[in-house]
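Single-letter residue listing:
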Amino acid sequence: MSYGSPLLLSSLNPAAVAAGDDIPNAVTIDGEVLSRSDLLGGATSVAERIAQAQRVAVLAEPTVTTVLAVVGCLIAGVTVVPVPPDAGSAELEHILKDSGAQAWLGTAPEGTGLPVVPVRKHARSWHRYGEPAPASTAFILYTSGTTGAPKGVMLSRRAIAAGLDALAQAWEWTWKDTLVHGLPLFHVHGLILGVLGPLRVGSPLVHTGKPTPQAYAAAHGSMYFGVPTVWSRVTEEPDAARELAKARILISGSAPLPVPVFERLQELTGHAPIERYGMSETMITLSTRPDGERRPGWVGTPVAGVETRLRDEAGEAVPHDGESVGGLQVRGPMLFDGYLGRPETTAENFTEDGWFKTGDVAVIDAAGFHRIVGRESVDLIKSGGYRIGAGEIETSLLGHPAVAETAVIGVPDEDLGQRIIAYVVPRNGFGAAIAQELIDHVAGELSAHKRPREVRMVDSLPRNAMGKVQKKLLS
Ligand code: MLC
Ligand code: AMP
């Protein structure tokens, strides 16, 4: 039983492992299995090697090495900076510099200059560490803003424990469940919920490497996580979808689940998906419940400890009448401790009375059900469940010699939710033939999921009298 446990990873309790109470398949990733004692012994051995460090980078490939590295840091009280495995040159440089990571733990990309501490999968240590302070920073997760390079979200052990316990309660998640997903291990969804969740609750995890419908069908879990793109792809493979009928719950989050996907999933699996809403900065704050109403297009009610409210642009209260739209503000014990090294940006994102301004606009009905209507800024794009800032893509494109001016937007896409389109005014001598090179330029500098799916060459960008690009006129 983990609820309220002072140990962040309460199911890895050394006393239980020493008593011979093992879980043979605690973590399976892409077919490779770690028992609970493998995980504790292996991760403690990692802890011994990095205990003197304050902050290390982990290349978050979906492997057991990544899990051992992360758990080793949590045992030793070392802050983890997860790095997207396909991070390009500019993104990598930014994350390493901004975070102040002292070394790579596990695998490292070439040429970053930081020392590398290897993770030895078969090494074991049974040294016992005390539990690090609950207020200490467990992770710095990099996430995009509307402008500039990604910011480091500081998440404490205490916030993670509160966030996971609230979800375990909301979803009736116990050690009897087997969680299945194939999400990336550098964000809240795949890493915090998807790896630390099972390790806190004590339920086995099957990570499928990639979140394909076939891999989900073959995993035979009781709980499944997916972003809407994953669920949409599942509904396109009816045989795979029908296999999920045996699960207890299917959970969708990180982006809006289209109503037709909700309905088709229900038709094929017999399960109305649970929808939940969250952010890197807040973990998961809203969810529908297995024993409650699951209304397509709505993300449910606050989880334990969370309060929400709506405010208009003047900061005035917006009624919870199911129709009035307002900026969603939240507070609760699972919120972050600020953006690393950016106290002013942190302060701008909170109200004077301590509520976090999510940047999402929502309605709340009289029963407390929430519907996310959209985002306040067109410059934050959600594509495949990834949060991507238009500004960072524009900066990357402007660094290419062919680009004179550019504006990046997200347009509706059936598969990805939003698809990134870059409008480019080319410099003299460059034309449409350069489009693929620009796409590859962004993928190489930032990461594959931030690449524009399409580049549209134009003679000029629509601007207002102040010279500001009118993105609403592009699409
Ligand atoms: C094609 N590729 C290129 C390329 N063209 N790569 C580089 N340069 C080019 N020019 C290929 C790559 O080789 C790679 O292939 C593939 O494109 C990766 O890009 P993709 O198109 O995005 O892959 P896709 O299969 O479409 O991914 C869909 C997806 C993915 C759903 C699997 O978007 C995903 O994992 N999303 C999850 C995002 C997530 O976890 N968000 C949570 C945020 S936390 P290959 O073969 O190598 O794959 C949060 C809080 C909360 O939001 O509420 O949860
Ligand atoms: P990230 O920082 O990647 O965690 O992205 C957080 C953003 O994802 C939120 O601000 C929302 O815009 C969006 N989001 C997350 N979950 C949902 C959901 N269930 N429905 C709609 N949007 C969501």
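Since the structure is predicted, the reported quantities are computational estimates derived from the model, not experimental observations.

Visitor: Looking at this structure, I do not really get the domain arrangement of the chain. What am I missing?
Guide: By convention, interface size is frequently given as the accessible area that disappears when the constituent parts associate. Here the chain is partitioned into domain 1 (10–201) and domain 2 (384–473). Look at where the C-alpha atoms of domain 1 and domain 2 centre, and you get two points 34 Å apart. Contacts between the two partners involve 16 residues from domain 1, matched on the other side by 15 residues from domain 2. Between domain 1 and domain 2, roughly 1100 Å² of surface is buried when both sides are summed, and carbon and sulfur atoms account for 41% of that area. Across the domain 1-domain 2 interface, the total number found is 1 salt bridge. Taking the shortest distance from any N to any O, the salt bridge between Lys450 and Glu91 comes out at 2.9 Å. At the boundary of domain 1 with domain 2, the tally comes to 11 residue pairs in polar contact (both at pLDDT 80 or more). Per-element accounting of the side of domain 1 that touches domain 2 gives the leading share, 3 residues, to helix H4 (residues 89–99). Among the residues forming the side of domain 1 that touches domain 2, the class breakdown is 5 nonpolar, 9 polar and 2 charged.

Visitor: Explain helix H3 (residues 64–76) to me, please; I cannot follow it from the model alone.
Guide: Given 3.6 residues per helical turn, the α-helix brings residues three or four places apart onto the same face. The end-to-end C-alpha separation of H3 is 18 Å, in line with the 18 Å expected for 13 residues at 1.5 Å each. Of all 13 residues making up H3, 13 are buried, and the element is well covered by its neighbours. With its phi angle positive at about 80 degrees, Gly77 sits one or two positions after the end of H3.

Visitor: Could you clarify how one ought to interpret the site of ligand 2 in this entry?
Guide: What surrounds ligand 2 is a group of 15 residues, the closest being Arg276, Ser280, Asp360, Arg375 and Arg387. A distance of 2.8 Å is found between a nitrogen atom of ligand 2 and a backbone nitrogen or oxygen belonging to Arg276. Side-chain polar atom of Asp360 to an oxygen atom of ligand 2: 2.6 Å apart, as the coordinates give it. Look at ligand 2: alone it shows 500 Å² of surface, and the protein chains cover 93% of it. Ranked by the residues each element gives to the shell around ligand 2, the list is headed by strand E13 (residues 274–279), at 4 residues.

Visitor: Can you walk me through the site of ligand 1 in this structure?
Guide: What surrounds ligand 1 is a group of 24 residues, the closest being Lys210, Ser254, Arg276, Gly384 and Asp440. Taking Lys382, its side chain carries an N or O atom lying 2.9 Å from an oxygen atom of ligand 1. Its free accessible area being 1100 Å², ligand 1 has 70% of it covered by the protein chains. Elements supplying a minimum of two residues to the shell around ligand 1: helix H6 (188–201), helix H8 (228–235), E13 and helix H13 (435–445). Top element by residues in the shell around ligand 1 is H13. It accounts for 4 residues. Considered class by class, the residues forming the shell around ligand 1 number 9 nonpolar, 8 polar and 7 charged. A domain-level breakdown of the shell around ligand 1 finds at least three residues from each of domain 1 (10–201) and domain 2 (384–473).

Visitor: Is there a simple way to explain the sheet that holds strand E9 (residues 179–181) in this structure?
Guide: Paired through backbone hydrogen bonds, the strands of a sheet run either parallel or antiparallel to each other. Strands sit in the order E2-E1-E10-E9-E11-E12-E13-E14-E15 across an open sheet of 9 strands; the sheet is mixed. Strands at the two margins of the open sheet, each flanked by one partner only, are strand E2 (32–34) and strand E15 (301–302). Relative to E13, strand E12 (residues 249–252) runs parallel, the two being bridged by 2 bridges. Each residue of the ladder has a partner; that of Ser252, found in E13, is Glu275. Against the sheet, helix H5 (residues 157–171) touches strand E11 (223–226), E12, E13 and strand E14 (283–287), its axis set at about 25 degrees to E14.

Visitor: I'm lost on the nonpolar core in this one. Help?
Guide: Within soluble globular proteins, side chains that are nonpolar generally end up buried alongside one another. Within the largest apolar cluster, 123 residues are counted, with the highest numbers of intra-cluster contacts made by Leu105, Phe139, Ile160, Trp171, Ile192, Leu196 and Trp231. Considering each element in turn, this core owes the most residues, 10 residues, to H3. Residue assignment places this core across two domains, with domain 1 (10–201) and domain 2 (384–473) each supplying three or more. Among residues more than four places away in sequence, those in contact with Trp171 are Leu193, Met223, Phe225, Arg248, Ile249, Ile251, Ile274, Arg276, Ser287, Thr288 and Pro290. Residues Ala57, Val83, Ala87 and Met154 belong to the second largest nonpolar core, which totals 14 residues.

Visitor: I would appreciate a short explanation of the pattern of salt bridges in the present structure.
Guide: Tallied over the full model, the rule gives 25 salt bridges. Among the ionic pairs, Lys450 bridges to Glu392, the shortest N-O distance being 3.0 Å. Here the residue Lys450 occupies a position in the loop between H13 and strand E24 (454–457), and Glu392 occupies one in helix H12 (residues 390–398), the gap between them amounting to 58 residues. Pair check on accessibility: Lys450 and Glu392 agree, each one buried.

Visitor: Just to check I follow, could you spell out the packing of aromatic side chains for this structure?
Guide: Each aromatic ring pair is characterised by the separation of its centres together with the angle its planes make. If you walk through the whole model with that rule in mind, you get 10 aromatic pairs. Both rings, one in Trp173 and one in Phe225, keep their centres 6.1 Å apart while their planes meet at 85 degrees; by these two values the pair is edge-to-face. Here Trp173 is found in the loop between H5 and E9, whereas its partner Phe225 is found in strand E11, with 52 residues between them in sequence. Of the two residues, Trp173 and Phe225, both sit in the buried class. Look at Phe336 and Phe356: their rings are 5.4 Å apart centre to centre, the planes differ by 80 degrees, and that puts the pair in the edge-to-face class. Taken together, the residues Phe336 in the loop between strand E17 (326–331) and helix H11 (343–348) and Phe356 in strand E18 (residues 356–364) connect sequence positions 20 residues apart. A relative accessible area of 5% means that Phe336 is categorised as buried.

Criteria and cut-off values
Residue positions are counted from 1 within each chain, in the order its sequence is given. Chain labels run from A onward and ligand labels from 1 onward, assigned in the order the entries are written. Totals for whole chains, interfaces and linings use every residue, but because this is a predicted model, local features are given only for residues with pLDDT of at least 70 and side-chain atom pairs only at 80 or more, for both listing and counting. Hydrogen atoms and water are omitted, and side-chain values are computed over all heavy atoms in the structure. Domain start and end points were adopted from an automatic or database domain assignment. In this description, contact between two residues means that some pair of their heavy atoms is separated by no more than 4.5 Å. Here the buried area means the combined drop in accessible surface, using a 1.4 Å probe, for two parts upon being joined, counting both sides. Whenever Lys or Arg places a side-chain nitrogen within 4 Å of a carboxyl oxygen from Asp or Glu, that contact is recorded as a salt bridge. Contacts described as polar in this section are N or O atom pairs within 3.5 Å, which, within protein, must combine one atom able to donate a hydrogen with one able to accept it, while residues neighboring in sequence count only if both atoms come from side chains. Helix numbers and strand numbers start at the N terminus; a helix is a DSSP run of H or I with at least 4 residues, a strand a run of E with at least 2. Put simply, Ala, Val, Leu, Ile, Met, Phe, Trp, Tyr, Cys and Pro go in the nonpolar bin, Asp, Glu, Lys and Arg in the charged bin, and everything else, Gly too, in the polar bin. Any helix carries an expected span of 1.5 Å times its number of residues minus one. Relative accessibility decides the category of a residue: with a 1.4 Å probe and only protein chains considered, values under 20% of the type maximum give buried, values over 50% give exposed, and everything between is partly exposed. A molecule or strand has a residue near it when one of that residue's heavy atoms lies within 4 Å. In short, Shrake-Rupley with a 1.4 Å probe defines the accessible areas, and a residue's cover is counted only from the protein chains shown. Strand pairing follows a simple DSSP-based rule, namely that at least 2 bridges must link the two strands. Geometry is summarised by axes, namely lines fitted to C-alpha atoms with helices restricted to the contacting stretch, and by angles between N-to-C directions that run from 0 to 180 degrees. Among buried residues, those of type Ala, Val, Leu, Ile, Met, Phe, Trp, Tyr and Cys that are joined through side-chain atoms within 4.5 Å constitute a nonpolar core. Stacked, tilted and edge-to-face pairs are distinguished by plane angle, under 30 degrees for stacked and over 60 for edge-to-face with tilted covering the rest, among Phe, Tyr and Trp rings (Trp via its six-membered ring) whose centres lie within 6.5 Å.

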